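Examination of the molecular architecture
Here is what each chain is made of, one letter per residue.
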Amino acid sequence: MVTDPIADFLTRIRNAQMAGHRIVEIPASNLKKRMTEILYNQGYILKYKFEDDNKQGVIKIALKYDPQTKQPAIHSLERVSRPGLRHYSKPADFRRVKSGLGVAIISTSKGVLTDKEAKAQNVGGEVLCYIY
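Only a predicted model underlies this, so the values are computations on that prediction, with no experimental measurement involved. Per chain, the residues get numbers from 1 upward, laid out in the order the sequence is written. With pLDDT at 70 or above as the cut-off, local features in this predicted model cover only qualifying residues; side-chain atom pairs require 80 or more to be listed or tallied, and sums for whole chains, interfaces and linings still use all residues. Side-chain metrics in this entry use all non-hydrogen atoms of the structure; hydrogen atoms and water are not considered.

Brief notes about the pattern of salt bridges
We count a salt bridge whenever a side-chain nitrogen from Lys or Arg sits within 4 Å of a carboxyl oxygen from Asp or Glu. Inspection of the entire model under this criterion finds nine salt bridges. With a closest N to O distance of 2.9 Å, R12 and D8 form a salt bridge. Taken as a pair, R12 and D8 lie in helix 1 (residues 5-19) at a separation of four residues, close to a single helical turn. Using a 1.4 Å probe on the protein chains alone, a residue whose accessible area is under 20% of its type maximum counts as buried, one over 50% counts as exposed, and one in between counts as partly exposed. A relative accessible area of 33% places R12 in the partly exposed class. Through salt bridges with shared partners, a single ionic network connects E25, K49, E51 and K60. Only DSSP runs of H or I covering at least 4 residues are called helices, and only runs of E covering at least 2 are called strands; the numbering of each starts at the N terminus.

Written as structure tokens, this is what we have:
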């Protein structure tokens, strides 16, 4: 039983990159699927695939590395809000991640969005994580 599935999602990606793996498998949920789509749209992963295994389902993520230096595309995955201390923010209070080069993933009433999308739609919510 995992008490914080978002932290588990981020840790699996972080550990796979540190080990130099090309693909990581993560148990699926709707929130994790949306976070994976955001990672893909922002260019942090190569591709992803949702597979149904007649249980929870699995997300297969192909990690992205720099071809010359072999460094991962994701430099840092930082969990912000956690089960013991939730972190909510208004659009005006969103922190710029790595001087605007990174992305914050935010759970809003209009779905899981990036900080830029949430600011454009003028909705606040729970700040899940920072990625850069």
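Now, onward.
Remarks on the domain arrangement of the chain
As a measure of interface size, the accessible area lost when the parts come together is often cited. Splitting the chain by domain gives domain 1 (5-63) and domain 2 (77-131). Contacts are assigned to residue pairs that have any heavy atoms within 4.5 Å of one another. Listed by partner, the interface residues are twelve residues for domain 1 and 13 residues for domain 2. In this assembly, domain 1 packs against domain 2 so that about 1,100 Å² is buried in total across both faces, 75% of it on carbon and sulfur atoms. The quantity reported as buried area is the accessible area (1.4 Å probe) lost by two parts once they are put together, taken as the sum for both. The largest contributions to the domain 1 side of the interface with domain 2 come from L10, I38 and Y44, which together make up 38% of the buried area. In this assembly, domain 1 and domain 2 are joined by one salt bridge. With a closest N to O distance of 3.9 Å, R34 and E117 form a salt bridge. Whenever a nitrogen or oxygen atom comes within 3.5 Å of another N or O atom, the pair is scored as a polar contact, on the condition that within protein one atom can donate a hydrogen and the other can accept it, and that pairs from neighbouring residues in sequence are kept only if both atoms are in side chains. At the boundary of domain 1 with domain 2, the tally comes to two residue pairs in polar contact (both at pLDDT 80 or more). If you list the elements that add at least two residues to the side of domain 1 that touches domain 2, you get helix 1 and helix 2 (30-41). The domain boundaries here were taken from an automatic or database domain assignment.

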